[in-house]
Amino acid sequence: MKFWKQHSTEYKKTLSLSIPVIIAQAGQITVGLIDNVMIGQLGTTPFAAASFTNTLFSLVLIFGMGYSFALTPLIGKNYGEKDYASIGSWIRNGLMANAFMGVALAAVLLILYFLIPHMGQPESILQASQDYLAILMISVVPMMIFYGFKQFAEGVGDTKTAMKIMLWANLINVVGNYLFMYGKMGLPELGLIGAGVGTLMARTFMAIAFIILFHRNEKFKFFVKLYQQSRFCWDKCLQVVKLGLPLGGQLVMEASAFGLCAIMMGWVSETGLAAHQVAITLSTLGFMIYQGLGAGTTIRVSHYKGENNSLGIKRATKTAMHLMYLYCALLMLVFIGARNILPLMFTNNHTVINLAAQMLVVCSIFQLVDGIQIVLAGTLRGFADARIPVMITFVSYFVISLPFSYLSAFVWGFGAVGIWFGFPVGLSICCTLFQLRYKYLLKRF
């Protein structure tokens, strides 16, 4: 009875932290789809320019998001220790570190802006790509400021505030796109640049909204006082940077590996590339939930670490695993049972549908190891452990998964679906090494 009471409480807390993160991610994915549909209405050239630019920008966005993750375990540990004075210092220095990184990422995008004409892209999309990137570049700093506040809030166990802001920002993005892309309500018709304006409006709103809520919302009143009493500290700012860089690198490596698989798919056939896009889009149904559970696990583990409670860390990790197993089993049944039906949402081409169905079978095979490695990555973040996990990620994806995909497709003759064979292999290695790292840290703790 005591066992069930402890775990039922942990289930409730993990779900209450994870569900808002999942909802926010679902909202972002939805808006991304709406963005593509709206830009697609402008014609082939703007759509191609947006696709190319978003490919460049997405890696910067993913790195920035991963970098900001550093603040959650640092604040979460102090929250568990009830060392509230240190939380105020982490807020100030974490926001400063995020703002610095925002400027640095904008500088990277500025370099890419000037390099676009030399990247071998069609002449017709060059100017549109540069104009669109210029608008997105401006949005990076407010985006990083928002992420700083978001990760602080998650560190003290609040995931709902960021979710609400992001959902409102999604609405602003869609409305801004509509008004500025198509020139509605007397506004200029800006086309693709209008889509960038909509994104800039949304991200600026996110930063301003969290700043206002931080200073005016009753739940943050205590932390505002701590923030005001704190001072800038280079050591703490550097701690955020040292933890944030490998965390950002870890996410970029994962995204790059899937991007490189898409490039290899293009070497096989246009049909393979289309099927890959269908299957990878459907796979986000799993990734989105696992990431939410991973975020909730990070928060719970960091709090228990501050309390010096190893049993709590084990319980939080096991709880997230149990929830992941349940969802994973459901998703595997859906992917296998509806593998010939789900692709119909994207295409009527029978060849693409058949190939996507094969990829969904492979996708169902690696769901379990993918879910385990994402939850364990959340646990390791809760320990503020980043350098070893980023090495594990590099080995799993770039040393093992990608070469295995290449061999399966082009040497062993499995073609397009063979590229997907590398995913379960690489993820299994990553999953195993993360488990060993988790056990090592737990033993040391």
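As a reminder, the structure under discussion sits directly above these lines.
Residues numbered from 1 in each chain as written. Predicted model: local features only at pLDDT ≥ 70, side-chain atom pairs only at ≥ 80, totals over all residues. Heavy atoms only, no water.

Participant: A description of the pattern of salt bridges should follow, citing residues and the corresponding values.
Facilitator: Note on pairing: side chains with opposite charge can pair once their charged atoms come close. This model, assessed by the stated rule, comprises six salt bridges. Glutamate 81 is the salt-bridge partner of lysine 77, the closest N and O atoms lying 2.6 Å from each other. Here lysine 77 pairs with glutamate 81, and both are found in helix H3 (residues 71-81), just four residues apart, close to one helical turn. Its relative accessible area of 29% is what places lysine 77 among the partly exposed residues. By relative accessible area, glutamate 81 is classed as partly exposed at 35%. A salt bridge links lysine 150 to glutamate 154, with the shortest nitrogen-to-oxygen separation between them at 2.8 Å. (Salt bridge = Lys/Arg side-chain N within 4 Å of Asp/Glu carboxyl O. Helix = DSSP H or I, 4+ residues; strand = E, 2+ residues; numbered from the N terminus. Buried < 20%, exposed > 50% of the residue type's maximum accessible area, 1.4 Å probe, protein only.)

Participant: Tell me about unusual backbone geometry, and please be specific about residues and values.
Facilitator: With the exception of glycine, the majority of residues adopt a negative phi angle, and the majority of peptide bonds are in the trans configuration. For asparagine 308, which is not a glycine, the phi torsion comes out positive at approximately 60°. The exposed category is assigned to asparagine 308, whose relative accessible area is 58%. Of note, the phi angle at alanine 384 is positive, near 60°, even though the residue is not glycine. Topologically, alanine 384 is positioned in the loop between helix H13 (350-382) and helix H14 (387-411).

Participant: Give me the lowdown on empty space enclosed by the protein, citing residues and values where you can.
Facilitator: This structure, assessed with the given rule, holds two cavities of 30 Å³ or more. Taken as a whole, the largest cavity encloses approximately 140 Å³ of empty space. In terms of lining, the largest cavity is formed by 14 residues, of which the most central are Gln250, Leu251, Glu254, Ala377 and Arg381. Elements with a minimum of two residues in the lining of the largest cavity: helix H10 (234-268), helix H11 (270-306) and H13. (1 Å grid on protein atoms, 1.4 Å probe; cavity = no way out; pocket = protein on both sides within 12 Å on 5 of 7 lines; lining within 4 Å. Points joined across faces, edges and corners; volume = space filled by probe spheres on them.)

Participant: Provide a residue-level description of the packing of helix H7 (residues 160-182) against helix H8 (residues 192-216), including the pertinent values.
Facilitator: The contact between H7 and H8 brings their axes to 7 Å, and the two run at 150°. Between H7 and H8, the angle is such that the two are roughly antiparallel. Where H7 crosses over H8, the handedness of that crossing is right-handed. Between H7 and H8, the contacting residues are Thr161, Ala162, Ile165, Met166, Trp168, Ala169, Ile172, Asn173, Gly176, Asn177, Phe180 and Met181 on the first element and Gly194, Ala195, Val197, Gly198, Thr199, Met201, Ala202, Phe205, Met206, Ala209, Phe210 and Leu213 on the second. Split into classes, the residues belonging to the contact of H7 with H8 amount to 17 nonpolar, seven polar and no charged. (Axes fitted to C-alpha atoms, helices over the stretch in contact; angles between N-to-C directions. Parallel < 35°, antiparallel > 145°, perpendicular 65-115°, else oblique. Left-handed = near helix turned anticlockwise from the far one by under 90°. Contact = heavy atoms within 4.5 Å. Nonpolar A, V, L, I, M, F, W, Y, C, P; charged D, E, K, R; others polar.)

Participant: If you had to explain the packing of helix H12 (residues 310-337) against H13 to someone new, which residues and values would you point to?
Facilitator: Their axes nearest at 9 Å, the elements H12 and H13 cross at an angle of 165°. Between H12 and H13, the angle falls in the class roughly antiparallel. Along this stretch, H12 crosses H13, giving a crossing that reads as right-handed. The residues of H13 that touch H12, namely those facing Thr317, Ala320, Met321, Met324, Tyr325, Cys328, Leu331, Met332, Phe335 and Ile336, are Leu360, Cys363, Ser364, Gln367, Leu368, Gly371, Ile372, Val375, Leu376 and Thr379.

Participant: Explain the nonpolar core to me, using residue names and the numbers behind them.
Facilitator: Formed by 67 residues in total, the largest nonpolar core has its most connected members in Ile91, Phe152, Phe214 and Phe223. With ten residues, the single largest contributor to this core is helix H4 (residues 84-115). Phenylalanine 214 has contacts with Ile91, Phe149, Phe152, Phe220, Phe223, Val224 and Tyr227, leaving out every residue within four places of it along the chain. Counting 60 residues, the second largest nonpolar core, distinct from the first, contains Cys261, Val278, Cys328 and Ile392. (Core = buried A, V, L, I, M, F, W, Y, C linked by side-chain atoms within 4.5 Å.)

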